[in-house]
Amino acid sequence: MPVDQKNIDRQNSAVRSGQWLRRFFILLLVLFFGVSLAQAEKRVVRVGVYENAPKVFTDESGKPAGIFVDVIEYIAKSEGWQLEYVAGTWVEGLDRLASGEIDLMPDVAYTAERAEIYSFHKVPILSSWYLVYAPKGSNIHSILDLNEKRILVLERSVQQQAFARLSKGFGLNVTLVAVPDYKTMFETVARGDAHAAITNRFYVMRHAKQFGLEDTAVVFEPSDLFFAAPKNDSRRLLAAID
């Protein structure tokens, strides 16, 4: 029987078309499941936020902002993390970190005592130190002028412990009062309900003028600042930050 070449060509073409469609369909499946798998494996990282501008704070639109937020947003984009921010006070953030409710707490100064509770990465994000600020005309110009004074400090902070040691070393009798945040601290001193406030170099640059406070020339306790993670947590987060 004579060979119908046109019919053969049509059959071959149909076979090739079918093969192409199958390959295209398989490719779509691979792409679809690949994207779905990547989304499923995207790590959710819970980050504490408290009010300490410009290092970390909530902006006027209600979004987390600041130096530490910029850093972790950049890292998260590179690592494929999905960030979830958990707002609260400084102490609430530390407690949530210790209990594992959050994965990272920003702006934590390293100390040996904290290293027993939290894990730290190796490369500091920032370096800071602490200063004493008072209302203009207070006549506080040295550490000795703080004797018999009521001084406000951030609750459970490095500066709280450091200033307690410092004042004891100078034989001072001071009333050291812990407050939950810097805004409360500055408002209280501005009202005259305390003589001075202990603050970090970043916050005071942005807010001292607003509350009418001035530098007393009392500077102490330089420290490096990090993100902290729960103790014995996976090192993947901290390694990525480094």
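The residue numbers shown here count from 1 along each chain, following its written sequence. Where totals are concerned, whole chains, interfaces and linings use all residues; where local detail is concerned, this predicted model gives features only for residues with pLDDT of at least 70, and gives and counts side-chain atom pairs only at 80 or more. Only hydrogens and water are set aside when side-chain values are computed; all heavy atoms of the structure are taken into account.

Here the focus is empty space enclosed by the protein. Site definitions follow a grid-based scheme: protein atoms alone, a 1 Å grid, a 1.4 Å probe that fits but cannot get out for cavities, and for pockets an open set with protein on both sides within 12 Å along at least five of seven lines, plus lining residues having an atom within 4 Å of a point. Grid points are joined across faces, edges and corners, and a volume is the space filled by probe spheres set on the points. Per the stated rule, a full pass over the model turns up 1 cavity of 30 Å³ or more. Within this model, the largest cavity holds a volume of roughly 110 Å³. Every residue lining the largest cavity is counted, 17 residues in all, and those nearest its centre are Tyr50, Trp90, Asp107, Tyr130 and Gln159. Of all the elements in the fold, those that place two or more residues in the lining of the largest cavity are strand E5 (105–109), strand E7 (126–135) and helix H5 (158–169). Only DSSP runs of H or I with at least four residues qualify as helices, and only runs of E with at least two residues qualify as strands; both kinds are numbered from the N terminus onward. Counting residues per element, the lining of the largest cavity draws most heavily on E5, at 3 residues.

Each residue is assigned to one of three classes by its accessible area relative to the maximum for its type, calculated with a 1.4 Å probe on protein chains only: buried under 20%, partly exposed between the two thresholds, exposed over 50%. Counted residue by residue, E7 has 7 buried out of 10 residues, so it is predominantly covered. A pair of strands is considered paired only if DSSP assigns at least 2 bridges between the two. Bridge count between E7 and strand E11 (residues 213–230): 8 bridges; the pairing is antiparallel. Bridged to Ala134 within E11 is Glu214. Note: E7 against strand E10 (residues 196–200), 4 bridges, orientation antiparallel. For Val132, the partnering residue across the bridge sits in E10 and is Ile198.

Attention shifts here to the layout of surface pockets. For the largest pocket, the calculated volume is near 220 Å³. Around the largest pocket sit 13 residues that line it, and Glu51, Ala53, Lys183, Tyr203 and His207 are the ones nearest its centre. Residue assignment for the lining of the largest pocket shows that the elements contributing at least two residues are strand E2 (57–58), helix H6 (182–191) and helix H7 (201–207). For the lining of the largest pocket, the element with the most residues is H7, which contributes 3 residues. The residue classification treats Ala, Val, Leu, Ile, Met, Phe, Trp, Tyr, Cys and Pro as nonpolar and Asp, Glu, Lys and Arg as charged. All others, Gly included, are polar. Considering only residue class, the lining of the largest pocket consists of 5 nonpolar, 4 polar and 4 charged. Taken as a whole, the second largest pocket spans an internal volume of roughly 180 Å³. Forming the boundary of the second largest pocket are Leu94, Thr111, Glu113, Arg114, Ile117, Tyr118, Arg156, Ser157, Val158 and Gln161.

This next bit is on unusual backbone geometry. Most of the time, phi is negative for any residue but glycine, and the peptide bond is trans. Along the chain, Ala53 connects to Pro54 via a cis peptide bond; the corresponding omega equals 5 degrees. Checked against the element boundaries, Pro54 lands in the loop between strand E1 (44–49) and E2. Although it is not a glycine, Arg156 sits at a positive phi angle of roughly 55 degrees. When you line up the elements, Arg156 lands in the loop between strand E8 (150–154) and H5. For Arg156, a relative accessible area of 36% translates into the label partly exposed. Even without being a glycine, Ala217 presents a positive backbone phi close to 75 degrees. Structurally, the position occupied by Ala217 is in strand E11.

Take the buried Ala, Val, Leu, Ile, Met, Phe, Trp, Tyr and Cys residues and link them wherever side-chain atoms come within 4.5 Å; each set so joined is a nonpolar core. Counting residues in each nonpolar core, the largest one holds 35 residues, and the members touching the most others are Leu104, Val132, Leu146, Phe163, Ile198 and Phe220. At 5 residues, E11 tops the list of elements feeding residues into this core. When neighbours within four sequence positions are excluded, Val132 is seen to be in contact with Leu146, Phe163, Ala196, Ala197, Ile198, Glu214, Asp215, Thr216, Val218 and Phe220. The next biggest cluster of nonpolar side chains, apart from the first, holds 31 residues, and it includes Val56, Ile102, Phe120 and Ala194. Any two residues whose heavy atoms approach within 4.5 Å are treated as being in contact.

Each residue after the first adds 1.5 Å to the expected span of a helix. Over its 12 residues, H5 extends 17 Å from the first C-alpha to the last, a length consistent with the 16 Å expected when each residue adds 1.5 Å. Among the residues making up H5, those that are buried are Val158, Gln159, Ala162, Phe163 and Ser167. Within H5, the buried residues cover an arc of 140 degrees as seen down the axis, which keeps them to one side. Seen from the buried face of H5, the exposed residues on the opposite side, beyond 90 degrees, are Arg165 and Lys168. By construction, the arc corresponds to the directions joining the helix axis to the C-beta atoms.

Take helix H3 (residues 90–99) next. Buried within H3 are the following residues: Trp90, Val91, Gly93, Leu94 and Leu97. Buried residues of H3 fall within an arc of 160 degrees about the axis and therefore sit on the same side. Buried positions along H3 lie against E5, helix H4 (112–115), strand E6 (118–120), E8 and E11.

All we've got here are geometric facts, nothing functional implied.
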